[in-house]
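Structural overview
Each chain, written out:
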Amino acid sequence: MNELISSAVFCVLSLVIIGTALGVVMSRNLVHSALLMTACFIGVGILYITLEADFLGAVEFMTYSGGVAVLIVMGVMLTHKGEGVPSNPFNGRQFLAALLAVIFAAVMGLVTVFVQMPPAAGFVSADTVGDLADMMLNTYILPFEIAAVLLLAALLGAIVLAKGDGEA
């Protein structure tokens with residue numbers, strides 16, 4: 001019974017995540033897209049918690065809820081549209097996007113059916129936070145720092161683009 005409940009929760013969460021992700025892509029309003037993205041990230045965080053990765057779930061909530069709030073503010077600042085004008089218009093490639101989504105889903109379905117995964121080892125560390133911190137600050141410090149510098153450069157680029165010509 002416990003496995004049935006966890007499978008049902010996973011199916012419901014996956015439908016919520018997929019639905020909100022589609023809403024992000026299909027919405028014509030930038031603020032609606034950002035709010036749907038928040039709902040998608042909350043669903044992923046709940047999924048982490050159901051998989052007993054509590055720390056990753058908490059980090060998902062804290063990081064992405066703050067990140068999406070900044071995204072909403074930056075998106076409103078960067079789009080100077082009049083009232084009623086869609087800030088995220090369609091570009092005429094819906095058919096190509098739908099075709100690629102169907103191909104991707106088919107490939108993922110084939111991978112899940114035909115690829116045999118090794119059985120799980122069954123080892124769960126008692127100190128997941130310590131192990132994760134050790135990996136991020138010792139083993140993977142260089143990629144962590146490179147990602148931080150890239151994000152800083154992207155933020156500075158967005159500020160320069162938002163400022164425009166001739167503004168102080």
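Okay, so let's go over this structure.

The rules behind these values
Residues numbered from 1 in each chain as written. Predicted model: local features only at pLDDT ≥ 70, side-chain atom pairs only at ≥ 80, totals over all residues. Heavy atoms only, no water. Patch = residues over 30% accessible without salt bridge, like charges linked within 9 Å, V, L, I, M, F, W, Y side chains within 5 Å. Areas by Shrake-Rupley, 256 points an atom, 1.4 Å probe, with all protein chains shown as cover. Salt bridge = Lys/Arg side-chain N within 4 Å of Asp/Glu carboxyl O. Helix = DSSP H or I, 4+ residues; strand = E, 2+ residues; numbered from the N terminus. Axes fitted to C-alpha atoms, helices over the stretch in contact; angles between N-to-C directions. Parallel < 35°, antiparallel > 145°, perpendicular 65-115°, else oblique. Nonpolar A, V, L, I, M, F, W, Y, C, P; charged D, E, K, R; others polar. 1 Å grid on protein atoms, 1.4 Å probe; cavity = no way out; pocket = protein on both sides within 12 Å on 5 of 7 lines; lining within 4 Å. Points joined across faces, edges and corners; volume = space filled by probe spheres on them.

A contiguous nonpolar surface patch, about 1,100 Å² in accessible area, is contributed by F95, L96, L99, L100, I103, F104, V107, M108, V111, V115 and M117. Relative to the elements of secondary structure, F95 occurs in helix α4 (residues 94-114).

Turning our eyes to something else, we now look at the packing of helix α2 (residues 30-50) against helix α3 (residues 54-78). Contact pair α2 / α3: the axes reach a minimum separation of 8 Å and the direction vectors enclose 175°. Classified by the angle their axes make, α2 and α3 are roughly antiparallel. In terms of residue class, the contact of α2 with α3 is made up of 18 nonpolar, four polar and two charged.

Taken as a whole and assessed by the stated rule, the structure comprises one cavity of 30 Å³ or more. Its boundaries defined by the atoms lining it, the largest cavity holds a volume of some 30 Å³. Looking at the largest cavity, the residues that line it are T38, F41, I42, E60, F61, Y64 and S65. The element best represented in the lining of the largest cavity is α3, accounting for four residues. Taken together, the residues of the lining of the largest cavity sort by class into four nonpolar, two polar and one charged.

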